[in-house]
Amino acid sequence: MDQDQLREEIVRLKQEKKAIIFAHNYQPAEIQDIADIVGDSLELSRLAAQVEARLIVFAGVYFMAETAKILAPPKKVIVPEPQAGCPLADNISRSELQALKKKFPGRKVVSYVNTTAEVKAETDVCCTSANAVSLVSSLPDEEIIFVPDRNLASFVRQKTGKQIIAWDGCCPVHEEIRAEHLLEAKEVCPEAEIWAHPECRPEVLEKADRVLSTGQMIKEARITKATEIIIATETGLLHRLRQENPDKKFYPARAEAICQEMKKNNLEKIYLALLEEKPEVIIDEETVAQARSAIDRMVQFVS
Ligand code: 13P
Ligand code: SF4
C-alpha cells in the first residue's frame, strides 16, 4: 500500500473499531497529521481517561502508552511499535529507586512521567515538564527525591529553592543541545527568542528566554508577540508550530535533535496495529493499583 492508501485504511479502521489515535508532539509529521489528538505528556495522560473510545492507538514511546493504560484500564491501549522506548525512562529501575528511598528515608518521591510503570509504583506523585515546578512547590516537604532527570531536577531546585535529591539521568536528545548551538542560532537570527524544554542542560536553560514543555510551547506560540523563535527541543515539535503559526518563524536550536525512539513509528505500523489490535499494553493489576495514585495526583493537579 502506498502512503495515501495507508491513510485511507487508517481512517476507515478507526471508525469501524471506534478507535482514537494519540500522538506525542515529537511524532513524525505524517502521524501527527492522521492523529485525533496531538499533545504533550500531560495533555495525553489527561485525555486518555476522558475520551470515549474502546481502543487507543498510542503513537509515542512506551511509558506514555503505559501511563494511558494505567489511567484508563478498561480501554484497550495498543502501541504501533512496542520497541519505541525512552532511554531516560529506562535509566532507573524499581530496585534502584527502592535503594534510593532506603538511603533517604521519609523523603517524598516525585517521578517525572518519563519513568516505567514499576518506578511509578514506588512514587508518591508524578509530574511532567509542564507542571514539575508548580507541583513540587505545592508540596509541604522541603526535601524531595526527584527521578530520573537531573536537568529537570536542577530546574525545579532553582525555581522552588527546595532540597532536591536527584537521580543522575538525562535525555540523550536534549543533553546534546549545547549552549554553543544557541549562540550559533542567535548569530543567524539575532532577533529570535529562545524557548527551551526543561530537559535541556542548565547552561542552555540559562540562555533561554522561556523554559516550557512541548504543550506550553504550542500554546505560547499562538499568543506570543515574538515572530522568530529558536526551539531547543526535539525537532518533531516544529511541524505543529509551523503548521499552526504560518506568520511566525521557528528554527531548531539543533537540527540533529531527533528522538530516534519516537521516529520508530510510521503509518504502516499504525495501520497494522489498528487492523490486528496489537501489540497491546498489558500491566499487571498490582502495578496498576500501585502506580495509579501517583499518576492521578499529577493529572488532577492544576498548576
Ligand atoms: P513533554 O512532557 O513536554 O511532552 O515532553 C516529553 C518528553 O519526552 C520530552 O523529551
Ligand atoms: Fe525520552 Fe528524550 Fe525521546 Fe523524550 S526525547 S522520549 S525524554 S529520549
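Residues numbered from 1 in each chain as written. Chains lettered and ligands numbered in written order. Predicted model: local features only at pLDDT ≥ 70, side-chain atom pairs only at ≥ 80, totals over all residues. Heavy atoms only, no water.

Some remarks on the overall build of the protein
Item 1. In terms of helices and strands, the protein carries 15 helices and 12 strands.
Item 2. Relative to the globule expectation of 19 Å for 303 residues, the C-alpha radius of gyration of the protein, 19 Å, shows essentially globular dimensions.
Item 3. For the protein, the C-alpha atoms occupy an extent of roughly 55 × 50 × 30 Å along the three principal directions.
Item 4. Per-residue burial for the protein yields a buried fraction of 58% across its 303 residues.
Item 5. Of all intrachain contacts in the protein linking residues separated by at least 6 positions in sequence, the fraction that spans at least 24 positions is 61%.
Item 6. As displayed, the protein offers around 13100 Å² of accessible surface, 48% of which is attributable to carbon and sulfur atoms.
Item 7. When the 40 basic and 49 acidic side-chain charges of the protein are each reduced to a single mean position, those positions are 4 Å apart. (Helix = DSSP H or I, 4+ residues; strand = E, 2+ residues; numbered from the N terminus. Rg over C-alpha atoms; globule rule 2.2 N^0.38 Å. Buried < 20%, exposed > 50% of the residue type's maximum accessible area, 1.4 Å probe, protein only. Contact = heavy atoms within 4.5 Å. Areas by Shrake-Rupley, 256 points an atom, 1.4 Å probe, with all protein chains shown as cover. Lys, Arg positive; Asp, Glu negative; His and termini not counted. Charge placed at Lys NZ, Arg CZ, Asp CG, Glu CD.)

Here's the deal with the pattern of salt bridges
Side-chain pairs of opposite charge can arise where the charged atoms are in close proximity.
Item 1. For the coordinates displayed, the defined rule picks out 25 salt bridges.
Item 2. Linking R201 and E203 is a salt bridge whose minimum nitrogen-to-oxygen distance equals 3.4 Å.
Item 3. Across the pair R292 and D296 runs a salt bridge, and its minimum N-O distance is 3.1 Å. Of this pair, R292 and D296 are both found in helix α15 (residues 285-300), four residues apart, which corresponds to roughly one turn of the helix.
Item 4. Through salt bridges with shared partners, a single ionic network connects R150, D168, E175, R201 and E203. (Salt bridge = Lys/Arg side-chain N within 4 Å of Asp/Glu carboxyl O.)

Overview of the site of ligand 2
Item 1. Looking at ligand 2, the residues that line it are Y26, V61, C86, P87, L88, N114, C171, E199, C259 and M262.
Item 2. Tallied by class, residues from the shell around ligand 2 come to eight nonpolar, one polar and one charged. (Near = heavy atom within 4 Å. Nonpolar A, V, L, I, M, F, W, Y, C, P; charged D, E, K, R; others polar.)

Quick word on the sheet that holds strand β11 (residues 228-232)
Item 1. Taken together, four strands build an open sheet; the order of strands is β10-β9-β11-β12 and the sheet is parallel. Where the open sheet ends on each side, the last strands, each with one partner, are β10 (210-211) and β12 (249-252).
Item 2. The pairing of strand β9 (residues 193-196) with β10 spans two bridges and is classified as parallel. Considered in β10, the bridge of W195 is made with R210.
Item 3. Most of the contacts of helix α12 (residues 214-223) go to β9, to which it runs at about 150 degrees, and overall it touches β9, β10, β11 and β12. (Pairing = 2+ DSSP bridges. Axes fitted to C-alpha atoms, helices over the stretch in contact; angles between N-to-C directions.)

With respect to the site of ligand 1
Item 1. Residues in contact with ligand 1, as listed here, are H24, Y26, D40, S41, M64, N114, S129, H174, H197, E199, S213 and T214.
Item 2. N114 places a polar side-chain atom, nitrogen or oxygen, 3.2 Å from an oxygen atom of ligand 1.
Item 3. When the free accessible area of ligand 1 is taken as 300 Å², the share hidden by the protein chains comes to 96%.
Item 4. Considered class by class, the residues forming the shell around ligand 1 number two nonpolar, eight polar and two charged. (Polar contact = N/O pair within 3.5 Å; in protein donor to acceptor, adjacent residues only side chain to side chain.)

Quick notes on helix α8 (residues 150-160)
Item 1. If you check which residues of α8 are buried, you get N151, L152, A153, F155, V156 and T160.
Item 2. Immediately downstream of α8, the backbone of G161 shows phi near 70 degrees, a positive value.

Thoughts on the sheet that holds strand β5 (residues 108-112)
Item 1. If you trace the four strands from one edge of the open sheet to the other, you get β6-β5-β7-β8, paired in parallel fashion. The open sheet has two edge strands with one neighbour each: β6 (125-127) and β8 (163-166). Across the sheet, the mean angle separating the axes of adjacent strands is 30 degrees when strand polarity is ignored.
Item 2. Examined bridge by bridge, strand β7 (residues 143-147) and β8 share four bridges and lie parallel to one another. Pairing of E143 across the sheet is with Q163, part of β8.
Item 3. Against the sheet, α8 contacts β5, β7 and β8, and its axis sits at roughly 175 degrees relative to β8.

Examining the side chain of T128
Item 1. Checked against the element boundaries, T128 lands in the loop between β6 and α7 (132-138).
Item 2. Taking relative accessible area as the criterion, T128 reaches 3% and is therefore assigned buried.
Item 3. At 3.0 Å, the side chain of T128 and the backbone nitrogen of A130 are in polar contact.
Item 4. In contact with T128, other than residues within four places in its own chain, are S41, L42, Y112, V113 and M298.

Section: the environment of Q98
Item 1. Relative to the helices and strands, Q98 resides in helix α5 (residues 94-103).
Item 2. For the pair formed by Q98 and P202, sequence separation is 104 residues and the distance between their alpha carbons is 27 Å.

Some thoughts on the pairing of β12
Item 1. When β11 meets β12, the two strands line up parallel, connected through four bridges. Directly across from E228, in β12, lies its bridge partner K249.
Item 2. What joins β11 to β12 is helix α13 (residues 237-244), and the crossover it makes is right-handed. (Right-handed = clockwise from strand over helix to strand, strands pointing away.)

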